[in-house]
Every structure is written in C-alpha cells, then in structure tokens.
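Coordinate inspection notes
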Amino acid sequence: MEWSVAWRPTRSGAWAAYLFLGSLAVVAFLFCPRTVGIAVFALIMGSGVVAAIAGVRRHRPARAAGWWLMIAALAVSMLANTMFAIGFEIYGQGVFLSVVDGVYFLMYGLLIAGLAVTVPRRSWSWTAAELVDAGVVTAGVAAFWWTVVMQPYLHQPGANSAMVGTWMAYAVCDLLILTGLARLTFTTGSRRPASALLTASVFALLAGDVVYFARVGLDGYISVSNLDNALWLTWALLFGAASLHPSAANIGRVRRATSGVRTGRLLTFAGLAFLCPLAVVTGVRFVHRYADSTAWYDTLVPTLLGAVISTLLVVRLGMLARVAQRRAAMLDRQAVELTKALRDQETLQRQLTHRALHDPLTGLPNRALLLERVERAIARRRGTGSPALLLVGLDGFADLNDTLGHEAGDQVLVKLSARLLGLLTESDSLARVGADEFALLLEDPAAADPALRAAQILAAGRIPYAQGDREVVVTASVGYRMMDGPLTAAEVLRDAGVALRAAKADGRSRVTAFDTGMRSHRLDTARLVDDLRRALTDAAFRLHYQPVVDSRTGEVRSLEALLRWTRPDGTEVPPDEFIPAAENSGLIVAIGAWVLRQATEQAVAWHERFGLSLSVNVSGHQLSDPHFARTVLDALSASGLPPTALILEITETALVAVTSPGASHVQTCLHRLREHGIRIAIDDFGTGYASLSYLRHLPVDILKIDRSFVRSDGGSAPGPQDHAFIRAILHLSETLRLSTIAEGVETPQQAALLQHMNCHLAQGFLFHRPMTREAVDELLAAATSPRGDVPPHGGHLTAA
C-alpha cells in the first residue's frame, strides 16, 4: 500500500524566485544570437549548480551523497554542452566517439549513481518490489524509445556499427536514469514539492534527449534546436529549485510502504504494457513508409520488450500474491488468536461471575446471590404459607481461630457447610453471608417447619470436628425470619440478623424467631448510641460520688464517683442501661477517658486536704485499648493527682475476659501502671467463673466484696452460705495481704456482721447515697473530727 506525507507551504520563497528568474533567462536564451546563446546557456546551467549547492548545504537532505553526485552530473553536463556547442561552431556537424561523448557518458554515470544513492536503504523484499516496478516503467518507455529514436536511426543508409553502438549507449543511459528515478519515486513518494521538482527536472532531461535523438534519427545529421536546449536548461532550473526547496531535506527518507500497488501505479503499468504492441504497429508502419526493407529487429525488439514487461508484471503479481498470502496467514492467526481470546474472555467472565456470587472457601452462594434468591422467593410466595430465612452463626468462632489458627477455622467452616448441605431439600438454598454465618432459605413452607429445621442445624453443629489428634465442638445459634409481609430481601436478611443476635445474647446453641419488638429494641439501642455520642461531644455527662466509710466510726475514708447522664429533655438514663450500650458500641473507651480526666481533676483538692485517693472503674474494652496506659498517665499529669492516689477498679468478669492467653498485653499494661504507683482493685469479687490464679499474676491491691454476698434475698443480713463466702474472701485477702471493702451495705445488721468479721471498710446507702461534687465538699467540710488512722493503702475515692 502506497502512501505519502502531505506537505505544508513554506515561508521560504528562494526556490520560487530562482525558478521565476531562471524561466525568464531561458526565454531570453531562445532569442539570443548563437554565440551569445552559448554563454547564456552555460550561465543558466551554472546557476543550477550554484543553487543546488546552496540548497544542499542549507537543508542537509537525508541522503546528501546522492545530491552531491547529481550536482556533479549537472556541472559535467554544463561542461559537455559547452564543449559540444563550441565544437559545433568550429567543426560544424560534429563527430561521434569524440571527447564530448565521453564527458556526456560521465555525466550520465554520475546522475545514475546519484539517483541510486538517494534511494534509502531497505530490506531485500522492499528493494525487489521497487526494482520490479521500476523495470516495468523502464521497459515500457524503452518500447517507445525504440520506436521513436532507435528504429529510425537504424534504417539510415549511412549508419555504421560505431555510430549505432554510441546511439544505443545513450539510450541505455537514459533508460537507467528513468529506472533510478522510478525507484526513487516509488520509495519516497512524489507529493513533496522537492520530489515533484526533481522528477520534473529528470523528465525534462530525458525529454530533451528524446527530441534531440529523434530529430537526428529522422534527419540523418547532428543538429541542435531551441526545443531540446530549452528542455536541458529546464532540467538545470528545476533541479536547482528542488535543491532550494525546504522539503528536499526529507527526500531519501522512507515515507510510504511499497509492498502494495496503488490504483494509479496499476494504471501506469497497464498503459506501459500497451506501449509494446503499439510500438510494434508504429514501427511496422514506419518501415513500410520510410525504409527500403524490413529488418529482423523491427518487430523482435518491441516483442522482447513486451515479454519483459509481461514477465515483470507476472513477477510483481507473484510478489503481491505472496504479500497477500502472508497477510491472509497473519489474519488467520489473528482470527485464531481473537477466537481464543474471546473464549478465554467468556471463561474469565464466567469465573468472575461465579466468584462475584460465590464464597471462595466453601463454594456456596454469597450474600449477593442469596439476596437475588430471596427476592425471587418473595415474588413467588403462595397463599399456603410463607418462605423463611434462617441465619446460622457459630458460637465462639473467634476463640477457635485464636487457639487453633485460621486454617483450622476454615476447615470447620467447610465441614459445617457440607453438613448443612445434607439438610437441604430441592427447594432450599444455602449461602455463606459472613465470616462465621450461613443463611438457609426455605422456599417451600410445607417442606419443613423453620423451628424444626433450626433444631436439625443445631444438632448437626454439635457433632465434634476432627482436627488432627483432637476433636473440636463448635455450637451454633439460629435466628430466623418468616417472609409473611411486604418485605424486601435486604429487610429479611436484616431481621434474621437481629434474631440471631438475640439468640446469641441468650447463650449458646439457641434458636430465636424474629418479632417486631426485636427491631424496636435494636432501633432504641441505635438511638441510644447516637445520643451517647452527642453527649460525649457536648460534655453532657456528670460525676456523682458515694463515700466509703469506716463502719465502726462512720468517718469518711474514701469516695466513689459514679457516672450519670441526663438527656436534653431531662430524662435520667440509668447507668445499667447506657453503660452496656457504650461498651457494645466501643464508645466506652472515649467515655472512660473523659471520666479519668474529670475525676482526677476534681479529686486533686480532696487528696491535698484530706489525703483521699481516686478509684476509676475500667471496662474490658478499655483494658484492651493499646493506648490505655498512656491515657491514664496523661490524665494524672494534666490534673496533678499523684499516681499513688489513683486506683483502677476492674470487674472480675471483665478481668477474666481480657486476661486470656491471647491478651498478655493487658497484664503488661497493668504491671506498667502498678510500677508508677497506681493500684488495682477487683470490683464485684466472687461473681466470676474463672480460676483465681490471676490474683497471683496480676498486681491486685484491693478486693471489693460484691453486694450479693452482703445482702441475702429478702433479708437484712447475710445468710449462712453468704456468711461463709464472706469469711472465705476475707481469709483470702488476709493471706494475700489485700484490703477489702464491702459493697451494698444498707442495714445496721449488715454493718454489725461485717464489723464482727473484721471487715471495717464499707459502702452503701446505710452511710451515704451518691452525691454531687458540691455535696461532697460540704460533707468533708462538716467533718470536725481528726482523720484518724489511715487504712492500709490509704483512703480512696472510687469512680464508676
């Protein structure tokens, strides 16, 4: 396929000015006397040499060597023409095989070499195609040349072998020049102005040669006319203009492919092929009219040239066929590759679709596919019953991952999914919708009762799972939602999740059906958490304090600060309602930090005047916070309260939860705080269900006896069993050198019994109710008695 680069007009007009002035000079030459014309002819030719030198030096074309050879050819032509004109003036008709002919042949050789060198280097396949195309052009022009130039001359009576040989040499030189020009044009294109000017200059040279040799062949003697001189001068002018044009810099660069043949070139080939039979007919008519007899070469040469053209065209056609075959093979390969790519894309699309809708571990449908099926089940509901969605959640699955590793957890999930698949009917669907959650869609309500199917699931989950040399038992809880109303799939999954959370809250291995009250409770909890968040931002919390006294004298020995919260509408929210919500939402960490800052700031004055300490309740979430120790120390530093005046109070249940083998950082944190002088108290002691070994490993200083042991059911004093528990706790505290405080003392009988057991520090409504900061100040200011002996570890204020 041929192509050429479109050119843009240039601002440089030197080439156009030179061409215009040179054309005027040629016209002037035509009207000059013979002797003056020789000088004008030489000047015009010389101007072409000078213009070409200036253009090549300025634009530096890609194949400059070719240009210099063509400039040399023009200079030699100027010399040869001058010598010919002077010799013609001196000797008249001129002679063949003279020195001038040798100079002319030198000029032709330089021009042929220049055209050949200007052609850019290509691979052999490209070069062969260009040569064949140039050969077709040359053979076609040769047929014309034969008929117009050579045949008339050969039939002259005085032609000898030397003259015929010289004549043939000139013809061959012109044909070789044409071949070089055709190859250059086919390689670099002809749409650049410089290319068009160069092509026109060479054609002017060849046209001048044709006119000259045709007239000599017909007249039988050597003569020069204004026409051939004008054509030769045109060669010089156009060549100089081509060199001056800026686009000459790009001649010699490949700008187009040559493997294909454009329509224009095909038409040129067809016309040149038609020249051969036309040349035969014209030659025969010439012989019959002007020659005495017909020679063997009159029809043979045109016929041979026609055969050459035909052969070259067949060769070119074969090249095109091979190119077409290669392209067809390439297209076939591309088609195969495209087909394979399309198949791979379809396979990949199916895989991606499957991955997007299925769990990679179990291969079960995921949440997205489950929602689609739930939507279809809702749309297909019949009047005989409603479909149901069961949400199955494993109990304590996180502990399994922590103790045995995630790989063991994955194996349990795979085995459980296989067991659940064994419970399905044809209309059921099973999906994995969470890390440890599965969903079972019962589309046919008549096939199984949801509660019965949930019981089957619980039974399947209780079967031990083999993990290496041990067995693992993982229970499951189930929450389910009947699709008995106008619901969406997302709402069904949401409600089943609410039921599952309620089942887990009741304990392990439970089944809970959803009811609207659950949703209301969840909404209330969500609103409560939002209000807590706003209260934290607006600093809407406040602290109350409850004294800890010596039950023997009634003296205040410490104070317990209690967190209180009132909504903007004036509603008092009980602590046992908002504290669990804060813990479940994670807000307890930020709220606990606020309590630490406020309580330590308020306790500084009480510690300085009365030697009291501050105890702040800490939840398990706070202990798990990696920045908890830094939060405590920052609060002490900001308030100025000594670390020895602060006690962190932890419930036994929270302490057991956060001191598992996987929470060693909690122990590290408590030891770090103890190194600063901060003491640790165990609140609600005796209500936990774990080993008491943590009392040996943790820096515990104080045990607070839970109110459940101090106050029997309906009685004013502890019963015999509670009495035994209190004695055991006191004995344990004495053995471990720990202080004890009894909580929830509300009657004189309870206080007397605790005094009898040598538990003198007590707290409860019998002594003081929780009070504001101002009330505490009044209470302490009213105390006129000395402080007396300070119990071990000093007095303390506790904040909850």
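Use the structure listed above.
Residues numbered from 1 in each chain as written. Predicted model: local features only at pLDDT ≥ 70, side-chain atom pairs only at ≥ 80, totals over all residues. Heavy atoms only, no water.

Description of the overall build of the protein
Applied cut-off: Each helix is a run of H or I in the DSSP string that is no shorter than four residues. Each strand is a run of E no shorter than two, and both are numbered from the N terminus. A simple rule labels every residue: compare its accessible area, found with a 1.4 Å probe on the protein chains alone, to the largest value its type can have, and call it buried under 20%, exposed over 50%, or partly exposed in between. Residue contacts follow a heavy-atom distance rule, with two residues in contact if any of their heavy atoms lie within 4.5 Å. Surface accessibility follows the Shrake-Rupley procedure with a 1.4 Å probe radius. Residue values consider only the protein chains on display as shielding.
Along the backbone of the protein there are 27 helices and 17 strands. When each of the 800 residues of the protein is scored for burial, the buried share is 48%. Nonlocal contacts in the protein, meaning residues at least 24 apart in sequence, comprise 74% of its contacts between residues at least 6 apart. By element, 60% of the accessible surface of the protein is carried by carbon and sulfur atoms, the whole surface being about 38600 Å².

Overview of the pairing of strand β14 (residues 702-705)
To keep things clear, this is the line we draw: For two strands to pair, DSSP has to find at least two bridges joining them.
What you see with β14 is no split at all: I702 and K704 on one side and L703 and I705 on the other are buried throughout. Across three bridges, strand β13 (residues 679-685) lies against β14 in parallel orientation. Bridge pairing in β14 links A681 to I702. Summarising the sheet, β14 and strand β15 (residues 739-742) pair through four bridges and their orientation is parallel. Following the sheet pairing, K704 is matched in β15 by I741.

Focus on the pattern of salt bridges
Stated formally: The term salt bridge refers to a pairing of a side-chain nitrogen on Lys or Arg with a carboxyl oxygen on Asp or Glu at a separation within 4 Å.
All chains considered together, the criterion is met by 21 salt bridges. Residues R501 and E437 are paired through a salt bridge, measuring 3.0 Å at the closest nitrogen-oxygen approach. With R501 in helix α15 (residues 489-505) and E437 in strand β3 (residues 437-442), the pair connects residues that are 64 residues apart, well separated along the chain. Judged by relative accessible area, R501 falls into the partly exposed class, the value being 33%. Overall, the relative accessible area of 13% leaves E437 in the buried class. As a salt-bridge pair, D530 and R533 come within 3.4 Å of each other at their nearest N and O atoms. Linking D530 with R533, this pair stays in helix α16 (residues 516-538), spanning three residues, or about one helical turn. Sharing partners across several salt bridges, the network here consists of R481, D484, R494 and D495.

Some details on a nonpolar patch on the surface
Put simply, the rule is: Patches draw on residues past 30% relative accessible area with no salt bridge. Two like charges within 9 Å are joined, as are two nonpolar side chains (Val, Leu, Ile, Met, Phe, Trp, Tyr) within 5 Å.
Together, F20, L21 and L24 line one region of the surface with nonpolar side chains, adding up to about 330 Å² of accessible area. Its place among the elements puts F20 in helix α1 (residues 14-30).

Examining the sheet that holds strand β7 (residues 511-513)
Sheet strands line up and pair through hydrogen bonds in the backbone, either parallel or antiparallel. This is how it is decided: Lines are fitted to the C-alpha atoms to define the axes, a helix being fitted only along its stretch in contact, and any angle between axes, read from their N-to-C directions, falls within 0 to 180 degrees.
Taken together, the five strands give an open sheet; going across it, the order is β2-β3-β1-β6-β7, and neighbouring strands pair in mixed fashion. For this open sheet the edge positions go to β2 (428-432) and β7, each flanked by a neighbour on one side alone. Each adjacent strand pair in this sheet contributes to an overall mean axis angle of 20°, direction not counted. In this structure, β2 lies alongside β3, joined through five bridges in antiparallel fashion. By the bridge assignment, L430 is partnered in β3 with L440.

Here we look at the environment of D133
Summarising the element assignment, D133 is placed in helix α5 (residues 124-154). Exposure remark for D133: the relative accessible area of 0% places this residue in the buried category. Between the alpha carbons of D133 and A182 there is a distance of 7.7 Å; along the sequence they are 49 residues apart.

Considerations on the packing of α15 against α16
What counts is decided by this rule: Here is the rule for angles: anything less than 35 degrees is roughly parallel, anything more than 145 is roughly antiparallel, 65 through 115 is roughly perpendicular, and the remaining ranges are oblique. The nonpolar class holds Ala, Val, Leu, Ile, Met, Phe, Trp, Tyr, Cys and Pro. Asp, Glu, Lys and Arg form the charged class, and all remaining residues, Gly among them, are polar.
One can describe the packing of α15 onto α16 by two numbers: an axis separation of 10 Å at closest approach and a directional angle of 85°. When the axes of α15 and α16 are compared, the pair comes out roughly perpendicular. Mapping the contact onto sequence places R494, D495, V498, A499, R501 and A502 in α15 and M518, R519 and R522 in α16. In terms of residue class, the contact of α15 with α16 is made up of four nonpolar, no polar and five charged.

So, the packing of aromatic side chains
Cut-off, in case you're wondering: Any two rings among Phe, Tyr and Trp, with Trp reduced to its six-membered ring, count as a pair given centres within 6.5 Å; such a pair is stacked if its planes are under 30 degrees apart, edge-to-face if over 60, and tilted if neither. Charges are assigned to positions over rings by a cutoff of 6 Å between ring centre and Lys NZ or Arg CZ, combined with an angular limit of 35 degrees from the ring normal.
As enumerated under the stated definition, the model contains twelve aromatic pairs in all. Judged by centre distance (6.4 Å) and plane angle (70°), the ring pair of Y104 and Y170 falls under edge-to-face. Placement of Y104 in helix α4 (residues 99-118) and of Y170 in helix α6 (residues 161-188) is noted, with a sequence separation of 66 residues between them. You can call Y170 buried: its relative accessible area is 5%. Judged by centre distance (4.9 Å) and plane angle (85°), the rings of Y545 and W606 are edge-to-face. Taken together, the positions of Y545 in strand β8 (residues 541-550) and W606 in helix α18 (residues 588-610) put the pair 61 residues apart, joining distant regions of the chain. Taken individually, Y545 and W606 each receive the classification buried, so the pair is uniform in this respect. Every member of this aromatic cluster is reached through a ring pair, and the members are Y104, F105, Y108 and Y170. Cation over ring: R769 sits above F765, and NZ or CZ is 4.1 Å from the ring centre.

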